[in-house]
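# Architecture at a glance
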Amino acid sequence: MSRLGLIPPMPPAPAIGADVTLTRDDMKFIAALVYEQAGIVIREHKEAMTRGRLARRVKALGLNSVAEYCAFLKTPQAAGELPELINAVTTNHTAFFRERHHFDHLRKEVMPRLVQERGGRRGRIRIWSSACSSGEEPYSIAASCREVIGPRSDLDFKILATDIDTDILMRAEAGLYPAELFERLPADVKPLMRLEASPGRGEARVAEELRRMIAFKQLNLIQAWPMKGPFDVIFCRNVFIYFDTQTKASILDRFVSLLAPGGFLYLGHSESLPQPHANLRLIGRTIYERTP
């Protein structure tokens, strides 16, 4: 939903003769439907982007216009199209070790403490990447934690990585990226990203030992959450910018309810809490600690 990593393919051109006009009424309908389904606010200045994303679905379904697509979405037969609509209008923009200070804090401050507290007795550590996009965030988490944990087997350690976009999740789980993304990493973190032998020209895959640390699952943040927690760390970066204040406050309360006392919440660089929270205190740049 957020974030720069794999450059998404250009949307296919609409069918010849297709009308990609997006009327004000159609824009209001799409915005209301996306808000209802995913809590995402599509603002008026995003009209051009929305029109281009809808044109892709018009072609995929063999329709003749955006208006015809909107009419289809109003029918019972459109239930299976709703996830595709959400996939089309969400933005995936991420990078390995983006907002580096979060991963430095995780590796140098959080993980050593957790390992010391829970190591040697099958201690449990859980981390959640709540909007993982194409996977660069959870793989950066895994690499940072693996540096501290090492090959030890006395920890019950797992990373949950979720996103609303089903297409991007498949790419994330594969762990396959353009090799240049790894080559551009800073020299001091590049060794953390363990890679397998390149499966193809210009490509590299994250090593299996890091992929095994992560479970990728589809999740809509405004719907029911099946996991029970508690989590020691939650990443929710560059996601709140898509929600209104009420939705942000609701999601934040749910995060706090799943965050262990003393656990940490990381937000995006341009984000802050929708309002002060009694159980969170700011301890660093967009880093919050769960208080008892």
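Residues numbered from 1 in each chain as written. Predicted model: local features only at pLDDT ≥ 70, side-chain atom pairs only at ≥ 80, totals over all residues. Heavy atoms only, no water.

With respect to the helices and strands, the residue S140 is situated in helix α6 (residues 136-149). C-alpha of S140 to C-alpha of K74: the two residues are 66 residues apart in sequence and 41 Å apart in space. Not counting the four nearest positions on each side in its chain, S140 is found in contact with F96, F97 and F103. (Helix = DSSP H or I, 4+ residues; strand = E, 2+ residues; numbered from the N terminus. Contact = heavy atoms within 4.5 Å.)

Let's shift gears to the sheet that holds strand β6 (residues 231-236). If you trace the seven strands from one edge of the open sheet to the other, you get β5-β2-β1-β6-β7-β9-β8, paired in mixed fashion. Two strands bound the open sheet, and with one partner strand each, they are β5 (214-218) and β8 (280-284). Taken over all neighbouring pairs, the strand axes of this sheet differ in orientation by 20 degrees on average, direction set aside. Where strand β1 (residues 123-129) lies against strand β2 (residues 155-163), seven bridges are found, and the strand directions are parallel. Within the sheet, the bridge partner assigned to S129 lies in β2 and is A161. (Pairing = 2+ DSSP bridges. Axes fitted to C-alpha atoms, helices over the stretch in contact; angles between N-to-C directions.)

Under the criterion given, the structure shown has 13 aromatic pairs. When the ring of W128 is compared with that of F255, the centres are 5.4 Å apart and the planes differ by 70 degrees; the resulting orientation is edge-to-face. With W128 in strand β1 and F255 in helix α10 (residues 245-258), this residue pair connects regions lying 127 residues apart in the sequence. You can call F255 buried: its relative accessible area is 1%. Through pairs of rings, three or more aromatic residues link up here, namely F96, Y139, Y177, F182 and F216. Positioned above the aromatic ring of F29 is the side chain of K74, whose terminal nitrogen or guanidinium carbon lies 4.8 Å from the ring centre. The ring of W225 has R254 lying over it, and the distance from NZ or CZ to the ring centre is 4.0 Å. (Phe/Tyr/Trp six-rings, centres within 6.5 Å; stacked < 30°, edge-to-face > 60°. Buried < 20%, exposed > 50% of the residue type's maximum accessible area, 1.4 Å probe, protein only. Lys NZ or Arg CZ within 6 Å of the ring centre and 35° of its normal.)

In this structure, L85, W128, W225, F255 and L265 are the most contacted members of the largest nonpolar core, which totals 47 residues. Secondary-structure elements contributing two or more residues to this core are α1 (24-38), α2 (47-60), α3 (66-73), α4 (82-89), β6, α10 and β7 (259-267). Looking at this core element by element, the count peaks at six residues for α1. Setting aside its immediate chain neighbours within four residues, W128 contacts L160, T162, L219, L221, W225, M227, F231, V233, I234, F235, F255 and L258. With 42 residues, the next largest nonpolar core counts M111, Y139, V233 and F235 among its residues. (Core = buried A, V, L, I, M, F, W, Y, C linked by side-chain atoms within 4.5 Å.)

Right, let's get into unusual backbone geometry. Cis geometry is adopted by the peptide bond preceding P230, which originates at G229 and carries an omega value of -5 degrees. Unlike most non-glycine residues, S133 shows phi in positive territory, near 50 degrees. Locating S133 in the fold gives a position in the loop between β1 and α6.

This brings us to the environment of W225. Along the chain, W225 falls in the loop between β5 and β6. Taking the C-alpha atoms as reference, W225 lies 9.2 Å from R254; in sequence the two are 29 residues apart. Residues contacting W225, with those up to four places away along its chain left out, are W128, L219, N220, I251, R254, F255 and L258. Within the structure, the side chain of W225 is placed 3.4 Å from the backbone oxygen of Q223, a separation counted as a polar contact. (Polar contact = N/O pair within 3.5 Å; in protein donor to acceptor, adjacent residues only side chain to side chain.)

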